[in-house]
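So the chains spell out like this:
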Amino acid sequence: MRRFLVMFAVVVAFAGCGSRSALPGAVAPRAGEPIQPQVIQKGAGAQWVTLHVATLGALLGPIVTGPDGDMWFIDENAASLAAVSMTGGFREFSLSGELGSNAVALTVGADKKFYISDETTSITRVTTGGAAVVIPIPSGDNTAIDSNALGPDGNVWFAEFSHIAKVTPAGVVSEFAYPTQPNTNQYGGVTSGPDGNVWFSESSNNAIGRINPSTGKIKEFKITQGCTPAAIVTAKDHAMWFACLDSTPTVGRISTSGTIALFPGGGGFNSNETEQFGAVGPDGNPWFASGNNNVVFNIDTTTHNVATFSPPLLAGERPDALQTGPDGNIWVTTVGQNHIYVLVINPLSVTPHKLMFTATGQNLTVTVSEHGTNSWTAKSSNTLVATVMQGSPSSKFIVTSVGPGSCKVTIADAAGNSVKVKVTVP
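### A few points about the sheet that holds strand S34 (residues 386–390)
The strand order across the open sheet formed by four strands is S30-S32-S35-S34, and the pairing between neighbours is antiparallel. Each edge of the open sheet carries a strand with a single partner, namely strand S30 (349–351) and S34. Strand-to-strand twist in this sheet, taken as the mean axis angle between neighbours without regard to direction, amounts to 25 degrees. By the bridge criterion, five bridges tie S34 to strand S35 (residues 396–401) in an arrangement that is antiparallel. Pairing of Val388 across the sheet is with Val399, part of S35.

### Points about the nonpolar core
Judged by nonpolar contacts, the single largest core of 21 residues is most densely connected at Val53, Ile63, Phe73, Val84, Trp331 and Ile340. Once you skip the residues sitting within four places of it in the chain, Ile63 turns out to touch Met71, Trp72, Phe73, Leu106, Ala321, Leu322, Gln323, Trp331 and Thr333.

### Section: the packing of aromatic side chains
If you walk through the whole model with that rule in mind, you get nine aromatic pairs. Ring centres of Trp157 and Phe176 lie 5.9 Å apart, and the angle between their planes is 20 degrees; on these two criteria the pair is classed as stacked. With Trp157 in strand S12 (residues 156–159) and Phe176 in strand S14 (residues 173–177), this pair connects stretches of sequence that are 19 residues apart. Among the residues examined, Trp157 registers a relative accessible area of 0% and is labelled buried. For the pair Phe288 and Phe297, a centre-to-centre distance of 5.9 Å together with 40 degrees between the ring planes defines the contact as tilted. The burial state of Phe288 is the same as that of Phe297; both residues are buried. One aromatic cluster in this structure is built from Trp72, Phe93 and Phe114.

### Considering the pairing of strand S13 (residues 163–167)
The element S13 is largely enclosed, with a buried count of five among its five residues. Burial along S13 is two-sided: His163, Ala165 and Val167 and Ile164 and Lys166, pointing in opposite directions, are all buried. As paired strands, S12 and S13 are joined by four bridges and run antiparallel to one another. Note that in S13 the partner of Val156 across the bridge is Val167. Here S12 folds back onto S13, and the loop between the two strands holds three residues. Bridge count between S13 and S14: five bridges; the pairing is antiparallel. Residue pairing in the sheet places Ala165 in a bridge with Glu175 of S14. Counted along the chain from S13 to the antiparallel partner S14, the turn is five residues long, and its residue Gly171 has a positive phi close to 90 degrees.

Rules used throughout
- Every chain is numbered independently, its residues counted from 1 as its sequence is written.
- Since the coordinates come from a predicted model, pLDDT governs what is reported: local features require at least 70, and pairs of side-chain atoms require 80 or more to be given and counted, while whole-chain, interface and lining totals use all residues.
- As a convention, hydrogens and water are excluded, and side-chain values are obtained from all of the structure's heavy atoms.
- For two strands to count as paired, DSSP must find a minimum of two bridges between them.
- Only DSSP runs of H or I reaching four residues or more are called helices, and only runs of E reaching two or more are called strands; each is numbered from the N terminus.
- Only the contacting stretch of a helix is used when fitting its axis, a line to C-alpha atoms as for every element, and angles between N-to-C directions run 0 to 180 degrees.
- To define a nonpolar core, start from buried Ala, Val, Leu, Ile, Met, Phe, Trp, Tyr and Cys residues and group those joined through side-chain atoms within 4.5 Å.
- Exposure classes here rest on a 1.4 Å probe applied to the protein chains alone. A residue is buried below 20% of its type maximum, exposed above 50%, and partly exposed in between.
- Residues count as neighbours in contact if any of their non-hydrogen atoms are within 4.5 Å of one another.
- Working definition: a ring pair exists when centres of Phe, Tyr or Trp rings (six-membered ring for Trp) sit within 6.5 Å. Plane angles under 30 degrees give stacked, over 60 give edge-to-face, the rest tilted.

Below is the structure:
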């Protein structure tokens, strides 16, 4: 039902409900496909970092920050769960006995385990060590795309085609039928609202739903304009924002009282080609991926201005899902080339990039800027050529020429981003 533009598929047999397996060790990366050793800027002001991860498939889907601080994502074609660390470590667990080939929703529960939906009649729970449990859905309903979220009650909530449902850490599933039936809610985003309720998208009903986790009472809010809502997130303005799967780029906002407004979006959404995954960015704004226009974008919750960013995609590649990493950057999975792209939101900028001395004993200044950061380190690769020391204010570094030759002064922040300044002394 998913990935209409993808011309190939991996067919994986579903093992059945209630199965449990201790998975083998992580699948080793394939030869010739190195992983970038660290998410570090490649030069001053770089916005995008490219990670080539040696996944078994080339359809990388939902991505979350794991309880271990790594970025975990679905390798859909291989029916696997994979992880990449902040220092480039990689591991992948095959779930071919538990998942179908449409693993389309992923979240972390209160028990620090992963909960995966794959448009079948079960939820798969996986530990960071790769042990999996398949939890059957009592009604036999199918799960929806991008639908898993941790609720305010400590349970994982997920959308189904005909129900909004929850699963407890003990593996007990409860389902609540949508008031409007029939309902084939294939794109059913879910988010935990600031009001203590769970909010969800009903794509086929063109509505946003709200359920009280304590009582199971549901209220639906109809969208009066064309939309087809999909991914939904709770932003810093204490409202829920959602992407519309419509030919006209549109995002929507619904307040906790149910007031809905629609705004121009940042990509051409069309459910026949791609569904939108969303996340809350480090800025507190809602972010979405648009596979139609090959961009990711955010919308300012105050001004409603849209900022669009284009990953350095290869031919045949498109963004699929995105998530804020523990490094404060936006991580984007893709379809087509085994790439993850990291958008550095506040790049480390150093001026100038080169220092040319005319004699020894001279001092020149390097200036650093990085939004949200006021502390950096500096190190010379050869103190016989030049030394470096902290200036005032902390964004200034004083480089002193010592002897003839060339070296590099590396400016770095605590997150590991760094920029090298070339120094030449005659």
